[in-house]
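# Results of the structural survey
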Amino acid sequence: MRSAAGHIPRKRFGQNFLIDDGIIASIISAVMPRRSDNLVEIGPGLGALTNPLLARLDRLQVVEIDRDLIARLHGLHPPERLVIHEGDVLEFDFAMLGDDLRVVGNLPYNISTPLLFRFAAFAGHIRDIHVMLQREVVERMVAAPGDSEFSRLSVMLQYRFDMEMLINVLAESFDPAPKVESAVVRLIPLNPPPHQARDETLFAEVVSRAFSQRRKTLRNTLKGLVSAEQLAALDINAGARAQELSVADFVRIADALAAPA
Ligand code: SAM
């Protein structure tokens, strides 16, 4: 299928182009760009968000992997207004763009989880993030402890960000239409996190182990890492499942295991 702009959408790059002017306008007003903002768009594609963003900014930076789309963008905007970073956003060094960075994008859904983790790694440089994702992923991001969608992704992102689901988006708002529904979410980094883990690698390991078998209790999933007695001393029930714990609970477990500072 060829899009209206004559480009054949590439599935491997998650290319579902936004064609709904109402949704595009809602995203731009949620972002509320100011002329001098340091803003980067992930995956400009055919420019559905790029053009209205650029109309409100002095300068916009974009990261795009598809060479055909990059060639098209070069022809449309002068380099002093649109700075194009060619390559894979999963390898992109956001720190290079400086601080107080604003991130916007209708993201390729096939890389959404690693990309969200990459944003978390650069959270110290970021002011805010507005992105379109698969709705099911957004529901997991914002789920609360005890919700069925509460997962490793919820804990790891809630550790680093305040998040809010902003706009529901139907499949027909895109060309081609994806097989899933979508949603726009806002992430605001918590700098520093209110529950700062002493060792973040260990924190990530505890969370990953705890959610590795969702139906099992912490006594089982964390066996060999932390004992039921240690959990009890932290006021955490070893018979609970990962889904019932808060971010602060996971940080307490990781801190108890971390070497003394
Ligand atoms: N922003 C456009 C829109 O809303 O219509 C396009 C969105 S489309 C869902 C995702 C965009 O991300 C495409 O332009 C695609 O080429 C680009 N993309 C996919 N994988 C990428 C990657 N690993 N690094 C950078 N850009 C990528």
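Summarised in this report is the structure supplied together with it. For every chain, the first residue of the written sequence is number 1, and numbering continues from 1 along that sequence. This being a predicted model, a pLDDT of at least 70 is required before a residue's local features are given, and a value of 80 or more before pairs of side-chain atoms are given or counted; all residues contribute to the totals for chains, interfaces and linings. Only hydrogens and water are set aside; all other atoms, that is, all heavy atoms of the structure, feed into the side-chain values.

## Let's talk about the site of the ligand
The condition that has to hold: For this description, a residue counts as near a given molecule or strand if any of its non-hydrogen atoms is within 4 Å of it. In protein, a polar contact means a hydrogen-donor-capable atom and an acceptor-capable atom, both N or O and within 3.5 Å, with residues adjacent in sequence counting only if both atoms are side-chain atoms; elsewhere, any N or O pair within 3.5 Å suffices. All accessible areas in this document rest on Shrake-Rupley with a 1.4 Å probe, and a residue is counted as covered only by the protein chains that are shown. The distinction between a cavity and a pocket rests on a 1 Å grid over the protein atoms alone: a 1.4 Å probe fits inside a cavity but cannot get out, while a pocket stays open yet meets protein on both sides within 12 Å along at least five of seven lines, and a residue with an atom within 4 Å of a point counts as lining. Think of it this way: a molecule belongs to a cavity or pocket when more than half its atoms come within 2 Å of the grid points there. Helix and strand labels come from DSSP, where a helix needs a run of H or I of at least four residues and a strand needs a run of E of at least two; each type is numbered from the N terminus.
The ligand sits among 23 residues. The nearest are Leu18, Gly43, Glu64, Asp88 and Asn106. One of the side-chain N or O atoms of Glu64 is found 2.5 Å from an oxygen atom in the ligand. Measuring from a nitrogen atom of the ligand, one finds a side-chain N or O atom of Asp88 at 2.8 Å. Here the ligand, which alone exposes 590 Å², has 98% of that area covered by the protein. If you map the ligand onto the pockets, it falls in the largest pocket. Elements with a minimum of two residues in the shell around the ligand: strand 1 (17-18) and strand 3 (60-64).

## Description of unusual backbone geometry
Cis peptide bonds are those with omega within 30 degrees of zero, and the linkage from Asp175 to Pro176 qualifies with -10°. With respect to the helices and strands, the residue Pro176 is situated in the loop between strand 8 (174-175) and strand 9 (182-189). Residues Asn191 and Pro192 are joined by a peptide bond in cis, for which omega reads 0°. Residue placement: Pro192 occurs in the loop between strand 9 and helix 7 (200-210). Phi is positive for Met32, close to 50°, though the residue is something other than glycine. Here Met32 shows up in the loop between helix 1 (21-31) and strand 2 (38-42). Although it is not a glycine, Asp100 sits at a positive phi angle of roughly 55°. Within the secondary structure, Asp100 is located in the loop between strand 4 (82-86) and strand 5 (101-106).

## Brief notes about the pairing of strand 6 (residues 126-134)
Spelled out, the test is: Under the scheme applied here, a residue whose accessible area is under 20% of the maximum for its type counts as buried, over 50% as exposed, and between as partly exposed, the area being computed with a 1.4 Å probe on protein chains only. Throughout, right-handed denotes a crossover for which the path from the first strand over the helix to the second runs clockwise when the strands point away from the viewer. Should DSSP find at least two bridges between two strands, the strands are regarded as paired.
Of all nine residues in strand 6, eight are buried, a share of seventy percent or more. In this fold, the crossover linking strand 5 to strand 6 by way of helix 4 (residues 112-121) has right-handed handedness. Pairing of strand 6 with strand 9 involves six bridges; the strand directions are antiparallel. Residue pairing for strand 9: Leu133 is matched across the bridge by Ala183.

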